Amino acid sequence: MSSTTSQGRSRPARVYFFSTCLVDVMAPQAGMDAIELIRAAGIEVEFPEAQSCCGQPAYTSGYTDEARRVARAQLDLFPQPWPVVVPSGSCAGMMVHHWPRLFEHDPALAAQARAIGARVVEFSAFARDVLGLAEPASASPTPRLKVALHTSCSARREMGTHQPSEALLRALPGVELVEQARVAECCGFGGTFSARHPAISGAMVGDKLDAIRDCGAQVLVSADCGCLLNLHHAAEKRRAAGETLPRCVHLASFVRERLGARDAAQQVTD
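Basis of the calculations
- Residues numbered from 1 in each chain as written.
- Predicted model: local features only at pLDDT ≥ 70, side-chain atom pairs only at ≥ 80, totals over all residues.
- Heavy atoms only, no water.
- Pairing = 2+ DSSP bridges.
- Helix = DSSP H or I, 4+ residues; strand = E, 2+ residues; numbered from the N terminus.
- Axes fitted to C-alpha atoms, helices over the stretch in contact; angles between N-to-C directions.
- Contact = heavy atoms within 4.5 Å.
- pLDDT = per-residue confidence, 0-100.
- Buried < 20%, exposed > 50% of the residue type's maximum accessible area, 1.4 Å probe, protein only.
- Expected span 1.5 Å × (residues − 1).
- Bend = angle between axes of the 7 residues up to and from the residue.
- Polar contact = N/O pair within 3.5 Å; in protein donor to acceptor, adjacent residues only side chain to side chain.
- Phe/Tyr/Trp six-rings, centres within 6.5 Å; stacked < 30°, edge-to-face > 60°.
- Core = buried A, V, L, I, M, F, W, Y, C linked by side-chain atoms within 4.5 Å.

The four strands lie next to each other as E8-E7-E9-E10, forming an open sheet whose pairing is parallel. The outermost strands of the open sheet, each flanked by one partner alone, are strand E8 (175–178) and strand E10 (247–250). With direction set aside, neighbouring strand axes in the sheet form an average angle of 35°. Helix H13 (residues 251–258) rests against strand E7 (145–149), E8, strand E9 (219–222) and E10 of the sheet, and its axis sits at about 95° to E10.

In structure tokens:
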């Protein structure tokens, strides 16, 4: 059964949660924070234990056959017609736009991939449109914070996830959303790009951190853990040299924090 939100959108009784490999291995609390927000709305969460990777790292590096094998291993994990919530716009984009291309020469698998893609929902869009978390919260004595948002390149361009993310942040108590210069530019992560071209990647993340620092942000939020981990570790290195830079935290964790959850992650690596 499903109910209807105050915005007239269907609220499912159950969802699948595809955590992504980065969240699973490097930032599990971000995934748990997203799950807790979904559960708080009365929605049951199914976590397929056999899930691994969407195949994006291999796919964007040109290893199409390897990406197909990885993606194929995920196709049977979502047999029920429930939404598939993904806490990463780039992984959601891979599932929606590129899984069908991987299987275009196999009609049955292509149809299965398209059917799953039609149910994939990036977390910030789900939080805004289904959970209703972009509705302004009641006033509270929460300390004010200046917050900057970073959206990964593919999440911004393939899924438009900067829009629901901005709406969620603007609705939070005590949050002033500030925008860094060249907000749509890459942070330098780019999956395997950062490993293949470390000098270029390092210069790009340095430029991004400079812009975030200069806009006065106290917290940097993103719904994409690849970018967020890249920015976090680069910022940690600069903090060790005495520089003041904002903490880096996943959007789901920050939303829970501002709504009063004491166990929410304070940074992406918690």
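There's more to say after this.
This brings us to the sheet that holds strand E5 (residues 84–86). What the four strands build is an open sheet, ordered E4-E3-E5-E6; its pairing is parallel. A strand with exactly one partner marks an edge of an open sheet, and here the two such strands are strand E4 (44–46) and strand E6 (120–122). Strand-to-strand, the axes of this sheet are offset by a mean angle of 35°, without reference to chain direction. Here E5 runs beside E6; their pairing, made up of three bridges, is parallel. Its bridge partner being in E6, Val85 is matched across the sheet by Val121. Taken strand by strand, helix H2 (residues 28–40) contacts strand E3 (14–17), E4 and E5, and its axis lies near 175° from that of E3.

The next thing to look at is the confidence of the model for the chain. This prediction gives the chain a mean pLDDT of 94; 95% of its residues lie at or above 70. The low-confidence segment residues 1–8 (pLDDT under 50) makes 19 contacts with residues lying over four places distant or belonging to another chain.

The next thing to look at is the pairing of E9. Of the two faces of E9, the one carrying Val219 and Val221 and the one carrying Leu220 and Ser222 are both buried. With three bridges connecting them, E7 and E9 associate as parallel partners. From the neighbouring strand, Ala148 faces E9, where its bridge partner is Leu220. The sheet contact formed by E9 and E10 spans four bridges and is parallel. Among the inter-strand pairings, Val221 is bridged to a residue of E10, identified as Val249.

Spanning 14 residues, helix H5 (residues 89–102) covers 19 Å between terminal C-alpha atoms, matching the ideal 20 Å at 1.5 Å per step. At Val96, H5 shows its largest kink, close to 35°, and the proline Pro100 lies no more than four residues downstream. Counting buried positions along H5 gives 11 out of 14 residues, so the element sits mostly inside the fold. Each element contacted by the buried residues of H5 is listed here: helix H3 (56–60), helix H4 (64–72), E5, helix H6 (107–117), E6 and helix H8 (153–159).

Attention now goes to the environment of Trp99. As for its position among the elements, Trp99 is in helix H5. The class for Trp99 is buried, based on a relative accessible area of 0%. Sequence separation of Trp99 and Leu220 is 121 residues, and the distance between their C-alpha atoms is 31 Å. If sequence neighbours within four positions are ignored, Trp99 has contacts with Cys54, Ala71, Gln74, Leu75, Met94, Ala113 and Ile116. Reaching out from Trp99, the side chain makes a polar contact with the backbone oxygen of Cys54 at a distance of 2.9 Å.

If you walk through the whole model with that rule in mind, you get three aromatic pairs. Between Tyr16 and Trp82, the aromatic rings sit 4.7 Å apart at their centres with planes inclined by 35°, giving tilted as the arrangement. Of this pair, Tyr16 sits in strand E3 while Trp82 sits in the loop between H4 and E5; the two residues are 66 residues apart in sequence, bridging distant segments of the chain. Each ring, one from Phe18 and one from Phe78, has its centre 6.1 Å from the other, and the planes form 70°; the classification is edge-to-face. One end of the pair, Phe18, is in the loop between E3 and helix H1 (21–26); the other, Phe78, is in the loop between H4 and E5, and 60 residues separate them in sequence. Each member of the pair Phe18 and Phe78 is classed as buried.

Moving on, we get to the nonpolar core. Counting 29 residues, the largest nonpolar core has Ile38, Phe126, Val147, Leu169, Val221 and Phe254 as the members making the most contacts within it. Of all the secondary-structure elements, those providing two or more residues to this core are E3, H2, helix H7 (123–129), E7, helix H9 (162–171), E9 and H13. Residues within four places of Phe254 in sequence aside, it is in contact with Leu145, Val147, Leu169, Leu172, Val175, Val219, Val221, Arg247 and Val249. Core analysis: the next-biggest nonpolar cluster, separate from the first, contains 24 residues, Ala67, Ala71, Leu75 and Met94 among them.

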